[in-house]
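Below are the chains, spelled out letter by letter.
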Amino acid sequence: DQQVKQNSPSLSVQEGRISILNCDYTNSMFDYFLWYKKYPAEGPTFLISISSIKDKNEDGRFTVFLNKSAKHLSLHIVPSQPGDSAVYFCAAKGRIGTPLVFGKGTRLSVIA
Amino acid sequence: DVKVTQSSRYLVKRTGEKVFLECVQDMDHENMFWYRQDPGLGLRLIYFSYDVKMKEKGDIPEGYSVSREKKERFSLILESASTNQTSMYLCASNYETGGNYGYTFGSGTRLTVV
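Reading guide: rules and limits
- Residues numbered from 1 in each chain as written.
- Chains lettered and ligands numbered in written order.
- Predicted model: local features only at pLDDT ≥ 70, side-chain atom pairs only at ≥ 80, totals over all residues.
- Heavy atoms only, no water.
- Contact = heavy atoms within 4.5 Å.
- Buried area = accessible area lost by both parts, 1.4 Å probe.
- Polar contact = N/O pair within 3.5 Å; in protein donor to acceptor, adjacent residues only side chain to side chain.
- Nonpolar A, V, L, I, M, F, W, Y, C, P; charged D, E, K, R; others polar.
- Pairing = 2+ DSSP bridges.
- Helix = DSSP H or I, 4+ residues; strand = E, 2+ residues; numbered from the N terminus.
- Core = buried A, V, L, I, M, F, W, Y, C linked by side-chain atoms within 4.5 Å.
- Buried < 20%, exposed > 50% of the residue type's maximum accessible area, 1.4 Å probe, protein only.
- 1 Å grid on protein atoms, 1.4 Å probe; cavity = no way out; pocket = protein on both sides within 12 Å on 5 of 7 lines; lining within 4 Å.
- Points joined across faces, edges and corners; volume = space filled by probe spheres on them.
- Disulfide = S-S within 2.5 Å.

(A) Representation of the interface of chain B and chain A within the structure. Counting residues at the interface gives 22 residues for chain B, matched by 18 residues for chain A. Summing both sides of the interface, chain B and chain A together bury roughly 1,600 Å²; the carbon and sulfur share of this comes to 63%. Ranking the residues of chain B by area buried against chain A places L43, Y101 and Y103 of chain B at the top, with a combined share of 32%. Along the contact surface separating chain B from chain A lie eight residue pairs in polar contact (both at pLDDT 80 or more). Its residues assigned to classes, the side of chain B that touches chain A comprises 13 nonpolar, seven polar and two charged.

(B) Seen up close, the sheet that holds strand β3 (residues 19-25) of chain A. All names here are of chain A. Reading across the sheet, the five strands line up as β1-β3-β8-β7-β6 and stay open at both edges, with antiparallel pairing between neighbours. The open sheet terminates on both sides in strands that have one partner only, identified here as β1 (4-5) and β6 (56-59). Sheet topology places β3 next to strand β8 (residues 72-77); six bridges connect them, and they run antiparallel. Each residue of the ladder has a partner; that of I20, found in β8, is H76.

(C) Representation of the pairing of strand β7 (residues 62-67) of chain A in the model. Residues and elements named next belong to chain A. Two elements, β6 and β7, share four bridges in a ladder whose sense is antiparallel. Bridge pairing in β7 links D59 to F62. Counted between consecutive antiparallel strands, the loop separating β6 from β7 contains two residues, among which G60 sits at a positive phi close to 65°. Sheet topology note: the β7/β8 ladder contains six bridges and is antiparallel. The residue bridging V64 from the neighbouring strand is L75, located in β8.

(D) Structural detail: the nonpolar core. Residues F33, W35, L73, L75, I77 and Y88 of chain A are the most contacted members of the largest nonpolar core, which totals 23 residues. Among the elements of the structure, β3, β4 (32-38), β5 (45-51), β7, β8, β9 (86-93) and β11 (106-111) of chain A are those that each provide at least two residues to this core. It is β9 of chain A that provides the largest number of residues to this core, a total of four residues. If you look at the next biggest cluster of nonpolar residues, it comprises 21 residues, including L21, C23, I46 and I60 of chain B.

(E) Local environment of the layout of surface pockets. Approximately 550 Å³ is the volume attributed to the largest pocket. Lining the largest pocket are 23 residues; nearest its centre among them are Q3, L100, V101 and F102 of chain A together with D59 of chain B. Where the lining of the largest pocket is concerned, the elements lending two or more residues are β10 (101-102) of chain A together with β6 (42-49) of chain B. With four residues, the top contributor of residues to the lining of the largest pocket is β6 of chain B. Here the residues of the lining of the largest pocket sort into 13 nonpolar, five polar and five charged. Taken as a whole, the second largest pocket encloses approximately 440 Å³ of empty space. Around the second largest pocket, the lining comprises 23 residues; the ones closest to its centre are K104 and R107 of chain A together with Q37, P39 and G40 of chain B. Going through the elements one at a time, β9 and β11 of chain A together with β5 (31-38) of chain B are the ones with two or more residues in the lining of the second largest pocket. In terms of residue class, the lining of the second largest pocket is built from nine nonpolar, eight polar and six charged.

(F) Structural detail: the state of the cysteines. As enumerated under the stated definition, the model contains two disulfides over all chains in all. Sulfur-sulfur distance for the disulfide between C23 of chain A and C90 of chain A comes to 2.0 Å. Where C23 of chain A bonds to C90 of chain A through sulfur, the torsion about that S-S bond is close to -75°, and the disulfide is left-handed. Taken together, the positions of C23 of chain A in strand β3 and C90 of chain A in strand β9 put the pair 67 residues apart, joining distant regions of the chain. Paired by a disulfide, C23 of chain B and C91 of chain B hold their sulfur atoms 1.9 Å apart. Disulfide C23 of chain B to C91 of chain B: torsion about the S-S bond roughly -80°, handedness left-handed. You can see C23 of chain B sitting in strand β4 (residues 23-25) and its partner C91 of chain B sitting in strand β10 (residues 87-94), a full 68 residues away along the chain. Side by side, C23 of chain B and C91 of chain B carry an identical accessibility label, which is buried.

Structure (structure tokens):
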């Protein structure tokens, strides 16, 4: 049973526009969420995170929104750039001592 | 700059071989993890370790074992490689303190079993 779901396997966006990547979770014990970015033949790199006590966290062009009641989070990238083309993984954390649970990823293509 | 180093970027092995994938971190992290990444399946946890000589099964441990004799090194062992273990293998580490739950990943090992 998937606890973290990224329902869009891929997304295509024009350069300069907004990219919105979505993530849903089922486990109400999750209280910390992260986004990772992965290029081919490289390991994932940390992008941005949010604690369940917040509903928004911003870092430059990247903003993560958390809606706890809907068990939904989203990553906004504004403006999108060709270098943002990668696979984005959503991850969730439960109690201390348990591993992160990752979604299946969304492949973002930013078209120039 | 903190690092997780995986010993090989690309490996080709034959069916039935015993395969060792090595991972070393220089951050004095307590926790280490092995994932595999496959198209459409995302990152799946194979094994993890929260201390030296400790290991815990992840979601897909079958056909794998691990070894953690030293804090900085976490090895993944394919006891008898099979073609369905062809995949990208990713090692990660972290230290859960001060609300820092993120992992640092290595660059990955692309394993092909023929």
